[in-house]
Amino acid sequence: MNLSPILLVALAGYLIGSISFARVITRLVKSDVDLDAARMLKSDSGQEGTISGIGAYTASMALGGKFGGLVALLDMLKAFIPVLALRILFPLQPYALIFSVLAVLGHNYPIYYRFVGGRGLSPMLGSLLVLEPIGMLAAMIVGMLIGILINQPATGMVIWLPVLTLWFVLVRSDIPGAIYSVLLIASFIIADIPELKLALRYRKEGRLDEYNAMLHDSAPMMRMIKRLSENIRFWESDSIKQS
């Protein structure tokens, strides 16, 4: 087996994935904004914490939903376009999967920015739009619904990944795809460790609701998820009316 094309694809994936559009757009729009400072969350009690990574979510906190959406789109495209090209040009080779995994790795640990990056969600979505769009959509819907039912909407952003693995195994019978999805899960969880520790700290202190409120109010995307959850959890509205 010739390793040269594999190494070339892996290197290209990492270097392209390392482009931080959150930083690029912030520098173009508001060069005086400090994205590290923008990551700070503050609760009603004055307690603070820092969300994981610098990416589209951080950009939306610092610049607003419009520019956060632009960053997310660009981060998706940096994976979507090369993965699509590799899938078309080399349909029988695993190059698209390799590029995708390394693009996510580069996004999370960018060589251009002292290895401080995001959590990889946008390049994951960009890749999956090519590799498994139906499975991605089904997994995200299931993850979102589970998060809403347990009244933890933000956890839907994590739950959908193992659901995707089940999709690859049970629906597609695709073992390479399942392995690929497990690598995505690992990369996301490792990058999200600081925020998971923060959530566990609040949970240990019996202030998980305070943490969730702080998270949901931090960015336009989370406020939208919160409103969606409130609309879907109709039984809570009924109980409030009855009381």
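Residues numbered from 1 in each chain as written. Predicted model: local features only at pLDDT ≥ 70, side-chain atom pairs only at ≥ 80, totals over all residues. Heavy atoms only, no water.

Take the overall build of the chain next. When helices and strands are counted, the chain shows 14 helices and two strands. Expressed as a percentage of the 243 residues in the chain, the buried residues total 45%. Across the chain, the fraction of contacts at a sequence separation of at least 24, relative to all contacts at a separation of at least 6, is 64%. For the chain, the exposed surface amounts to about 12900 Å²; the carbon and sulfur share of it is 67%. (Helix = DSSP H or I, 4+ residues; strand = E, 2+ residues; numbered from the N terminus. Buried < 20%, exposed > 50% of the residue type's maximum accessible area, 1.4 Å probe, protein only. Contact = heavy atoms within 4.5 Å. Areas by Shrake-Rupley, 256 points an atom, 1.4 Å probe, with all protein chains shown as cover.)

Here the focus is the confidence of the model for the chain. Averaged over all residues, the pLDDT of the chain equals 83, while 79% of them reach at least 70. Here residues 239–243 is a poorly scored stretch, pLDDT under 50, and it has zero contacts once near neighbours within four places are set aside; other chains count. (pLDDT = per-residue confidence, 0-100.)

An ideal rise of 1.5 Å per residue puts 22 Å on 16 residues; helix H9 (residues 156–171) measures up with 21 Å between its terminal C-alpha atoms. Taken residue by residue, H9 has Gly-156, Met-157, Trp-160, Leu-161, Val-163, Leu-164, Thr-165, Trp-167 and Phe-168 as its buried positions. Backbone geometry just after H9 places Ser-173 at a positive phi near 50 degrees. (Expected span 1.5 Å × (residues − 1).)

The next point concerns the packing of helix H6 (residues 95–108) against helix H7 (residues 121–131). Contact geometry for H6 and H7: axes closest at 9 Å, N-to-C directions at 170 degrees. Classified by the angle their axes make, H6 and H7 are roughly antiparallel. For the pair H6 and H7, the sense of crossing is right-handed. Across the interface between the two elements, Ala-96, Leu-97, Ser-100, Val-104 and His-107 from H6 touch Pro-123, Met-124, Ser-127 and Leu-131 from H7. (Axes fitted to C-alpha atoms, helices over the stretch in contact; angles between N-to-C directions. Parallel < 35°, antiparallel > 145°, perpendicular 65-115°, else oblique. Left-handed = near helix turned anticlockwise from the far one by under 90°.)

Time to look at the packing of H7 against helix H8 (residues 133–149). Where H7 contacts H8, the two axes come as close as 6 Å, and the packing angle between them is 125 degrees. In this view, H7 runs oblique relative to H8, as classed from their interaxial angle. Contacts between H7 and H8 involve Leu-125, Leu-128, Leu-129, Val-130 and Leu-131 on the former and, on the latter, Pro-133, Met-136 and Met-140. The residue inventory of the contact of H7 with H8, partitioned by class, reads eight nonpolar, no polar and no charged. (Nonpolar A, V, L, I, M, F, W, Y, C, P; charged D, E, K, R; others polar.)

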